[in-house]
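Listed here are the chains, written in short residue letters.
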Amino acid sequence: PRVLEHAVDSVLAFDGDRHHALRLLRAVKHRYGPTSELGLFEMTGKGLVGVPDASALFLGDRRTGVPGSAVVPTMEGQRPLVIEVQALTTPAPPQVPARRTTQGVDDNRLALLLAVLQQRAGVAVAQHDVYASTVGGVRLVEPGADLAVCLALVSAYTGRSLPPDLAAFGEVGLGGELRQTAHAQRRLTEAARLGFRRAIVPAASPDVATMQVVRVATLAEALVAAGLTG
């Protein structure tokens, strides 16, 4: 296959979760253009149909007022997508190691975020089973989703739900700081288009019309701004 890749102009990857109707088309190689673009399709009874508004599809069945749910404007290549992240925590049985189960969230990244929550934000989740997943079969691989994952985890742990019109993004560092992420303007604009009126973001993020942008420097400040602690 590698020999064949060198001979052709484009290599496309078509993937998706078999339990979901959404299918993703990515350009792994494109000799005359970018490889960062993403095509989204839905499998229907009549075959594949293009999805004109993927963010609305991901949020179509979202229930507001439920602890453990957070919304993140993420980037798939050059395309902004607004995705729901869900989390659940339960006390682990005595003398049994706590479980970490993920779907659509990187296992190692979740372990890192749990350690930062424990040591930098005082959220003691070490003795709890933790479950984290994304809705719609999308896999979150970029660090810009860190803050939303943390908010979902703390929301599930405290039993406090996040405001229904709140979105959040930002990379979480080992020191508990919130780092800037790329394409902040596009993320916020996409969230505002879908009706979100508040966003918790890193300190250097820009303003967006029709949206209250709450800038924070640390994860602890973000938890307070979201009404989960303090």
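Preceding this section is the structure that the text describes.
What follows deals with empty space enclosed by the protein. Across all of its chains, the model carries 1 cavity of 30 Å³ or more by this definition. Taken as a whole, the largest cavity spans an internal volume of roughly 70 Å³. For the largest cavity, the full set of lining residues is Arg62, Arg63, Thr64, Gly65, Val66, Ser69, Ala70, Val71, Leu162, Pro163, Pro164 and Leu166. Of all the elements, strand β5 (residues 69–76) adds the most residues to the lining of the largest cavity, at 3 residues. Of the residues assigned to the lining of the largest cavity, the class counts are 7 nonpolar, 3 polar and 2 charged.

What follows covers the nonpolar core. Counting residues in each nonpolar core, the largest one holds 62 residues, and the members touching the most others are Leu151 and Met211. Sort the elements by how many residues they give to this core and helix α4 (residues 146–158) lands first, with 9 residues. Those residues in contact with Leu151, other than ones at most four positions away along the chain, are Ala70, Leu162, Ala168, Ala222, Leu223, Ala226 and Leu228.

A separate point is the pattern of salt bridges. Close approach of charged atoms allows side chains of opposite charge to pair. All chains considered together, the criterion is met by 12 salt bridges. The partner of Asp9 in a salt bridge is Arg31, and the shortest N-O contact between them spans 2.8 Å. Placement of Asp9 in the loop between α1 (2–7) and β1 (10–15) and of Arg31 in the loop between β2 (22–30) and β3 (38–44) is noted, with a sequence separation of 22 residues between them. Take Asp9: its relative accessible area is 37%, and that puts it in the partly exposed class. Ionic pairing is found between Glu142 and Arg187, a salt bridge with its closest N-O pair at 2.8 Å. Residue Glu142 is found in the loop between β8 (128–134) and α4, and its partner Arg187 is found in helix α5 (residues 184–193); the two are separated by 45 residues along the sequence.

Taken in spatial order, the 3 strands of this open sheet run β9-β12-β13, and their pairing is parallel. Of all the strands in the sheet, the pair left with one neighbour each is β9 (166–168) and β13 (212–216). Across the sheet, the mean angle separating the axes of adjacent strands is 25 degrees when strand polarity is ignored. With 3 bridges connecting them, β9 and strand β12 (residues 198–202) associate as parallel partners. Residue Leu166 lies in a different strand from β12, and its bridge partner there is Arg198.

Reading the values: rules and limits
Sequence order as written defines the numbering, with residues in each chain counted from 1. The predicted origin of the model limits local features to residues at a pLDDT of at least 70 and limits the giving and counting of side-chain atom pairs to 80 or more, whereas totals for whole chains, interfaces and linings rest on all residues. Think of the side-chain values as coming from all heavy atoms in the structure, minus any hydrogens and water. Of the two site types, the cavity is a set of points on a 1 Å grid over the protein atoms alone where a 1.4 Å probe fits but cannot get out, and the pocket is an open set with protein on both sides within 12 Å along at least five of seven lines, each lined by residues with an atom within 4 Å of a point. Grid points are joined across faces, edges and corners, and a volume is the space filled by probe spheres set on the points. Helix and strand definitions here come from DSSP, where helices need a minimum of 4 consecutive H or I residues and strands a minimum of 2 consecutive E residues; each element is numbered from the N-terminal end. Three residue categories are used. Nonpolar comprises Ala, Val, Leu, Ile, Met, Phe, Trp, Tyr, Cys and Pro, charged comprises Asp, Glu, Lys and Arg, and polar comprises the others, including Gly. By nonpolar core we mean a set of buried residues, namely Ala, Val, Leu, Ile, Met, Phe, Trp, Tyr and Cys, connected to one another through side-chain atoms within 4.5 Å. Three labels apply to residues, based on accessible area from a 1.4 Å probe with only protein chains included: buried if under 20% of the type maximum, exposed if over 50%, partly exposed otherwise in between. Here a residue-residue contact requires only that any non-hydrogen atoms of the pair lie within 4.5 Å. Definition used for salt bridges: Asp or Glu carboxyl oxygen within 4 Å of a side-chain nitrogen of Lys or Arg. One bridge is not enough; two strands pair if DSSP finds at least two bridges between them. In this analysis, axes come from line fits to C-alpha atoms, helices being fitted only over the stretch in contact, and the angle between any two N-to-C directions falls in the range 0 to 180 degrees.

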